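Listed below, chain by chain, are the residues.
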Amino acid sequence: MKKIILPLACLFGIPLFIAWLLCFKMISPGYVGVVVDLLGDNKGVESKELHVGMHWIAPWRSVYQFPIFEQNDTWEGEREGFNFQTSEGMAVSADIGITYHLRPESIPIIFQRYRRGMDEITHVFIRNYIRDAINKSASHTRIEDLYSGKEGFFEDVEKHVREDLAPIGIEISRIYLIGRFHFPHNVISALNAKIEANQRAQQRENELREAEAEAKKQIAKAEGQARCAIVQAESESKANALLSASVTQELIQWQAVQKWDGKLPSVTSGATPFIQVSK
């Protein structure tokens, strides 16, 4: 019996052991696994995700790995770029990039909802959300604002996409413009001509303001000088009035006495001396 059982054990045991080993699945760092049951009453996507490490997975269960680190994708060129219309109905195209990541606890829900891998989720579903948000924002944006590089446009787009995808478990870090918006050549020519006209008008307005400011400056200077002359004249008038009020006959005689050297003139010709000596 031993001679029969031992060969049978080797014949069936080793393949079974190898098959058991092959059922181990490795979840790499930066990834989360989603388990799908293919048999039984509980078949479908399991609600609990698998984290980094080795996991034994039964043959009737499948594992799909999803990255949880930041993803960056771009859509560029005529085939992948976004085309939309402004509020005036003008055609515009743009190359756009996105940075995002998946919340680990939401990955089973995301897989259950979309039943796709990362490429399909990114380039089909997320792209559709971005396209809808761009069309919504562009419908109330003028082409002049886009031509001047309006930053608020993509802030508005990012806000709409973030609000749509956050409940699902997709966190948007940034949606950005690659390069510049692309406009038809006739639109560029018309916008450049309008910008030049506005710049010339602005220059003339600035020159007019400078002339007005200089005129006001000269007027203020003249008014200041006039006020100074009036104040000076008033001061001199008041000083003269005070001086006139303070000058008396006695003061004049006193100042004359102070300057007299004590000598009388040798010839008076009958003139009365200027000093009156009281008796």
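Going along each chain's sequence as written, the residues are numbered from 1 onward. This being a predicted model, a pLDDT of at least 70 is required before a residue's local features are given, and a value of 80 or more before pairs of side-chain atoms are given or counted; all residues contribute to the totals for chains, interfaces and linings. No hydrogens and no water enter the side-chain calculation; it runs on all heavy atoms of the structure.

(A) How the structure looks around the sheet that holds strand E3 (residues 44-45). Note on pairing: two strands pair once DSSP finds at least 2 bridges between them. Only runs of H or I of at least four residues qualify as helices and only runs of E of at least two qualify as strands under DSSP, and these elements are numbered from the N terminus. As summarised here, the arrangement of the three strands in space is E3-E2-E5, forming an open sheet in which the pairing is antiparallel. Across the chains shown, the open sheet's two edge strands, defined by having one partner strand only, are E3 and strand E5 (61-67). Relative to E5, strand E2 (residues 31-37) is paired through seven bridges, and the arrangement is antiparallel. Directly across from Val35, in E5, lies its bridge partner Val63. We call two residues contacting when some pair of their heavy atoms lies within 4.5 Å. The convention used is that axes are lines fitted to C-alpha atoms, helices contributing only their stretch in contact, and that angles between N-to-C directions extend from 0 to 180 degrees. Across the sheet, helix H3 (residues 107-114) touches E2, E3 and E5, and the angle it forms with E2 is around 55°.

(B) Molecular detail of the packing of helix H4 (residues 118-138) against helix H6 (residues 152-165). At a closest axis distance of 9 Å, the pairing of H4 and H6 adopts a crossing angle of 135°. One element, H4, and the other, H6, form an angle in the oblique class. Relative to H6, H4 is oriented so that their crossing is right-handed. For the pair formed by H4 and H6, the contact residues are Ile126, Tyr129, Ile130, Ala133, Ile134, Lys136, Ser137 and Ala138 on the first element and Phe153, Asp156, Val157, His160, Val161, Asp164 and Leu165 on the second. Taken together, the residues that form the contact of H4 with H6 break down as 10 nonpolar, two polar and three charged. Angular relationships are summarised with four words: roughly parallel below 35 degrees, roughly antiparallel beyond 145, roughly perpendicular across 65 to 115, and oblique for the angles in between. A crossing counts as left-handed when the near helix is turned anticlockwise from the far one by less than a right angle, and as right-handed when that turn is clockwise. Each residue is assigned to one class: nonpolar for Ala, Val, Leu, Ile, Met, Phe, Trp, Tyr, Cys and Pro, charged for Asp, Glu, Lys and Arg, and polar for all the others, Gly among them.

(C) Here's a closer look at the pattern of salt bridges. The rule for a salt bridge is simple: a side-chain nitrogen of Lys or Arg has to be within 4 Å of a carboxyl oxygen of Asp or Glu. Within this structure, the stated rule accounts for five salt bridges. Across the salt bridge formed by Asp132 and Arg131, the nearest N and O atoms sit 3.6 Å from each other. Given the relative accessible area of 42%, Asp132 is considered partly exposed. Only protein chains enter the calculation, and the probe is 1.4 Å; a residue is then buried if its accessible area is under 20% of its type maximum, exposed if over 50%, and partly exposed in between. Judged by its relative accessible area of 39%, Arg131 is partly exposed. Salt bridges linked by common partners bring Arg103, Glu105 and Glu171 together as one network.

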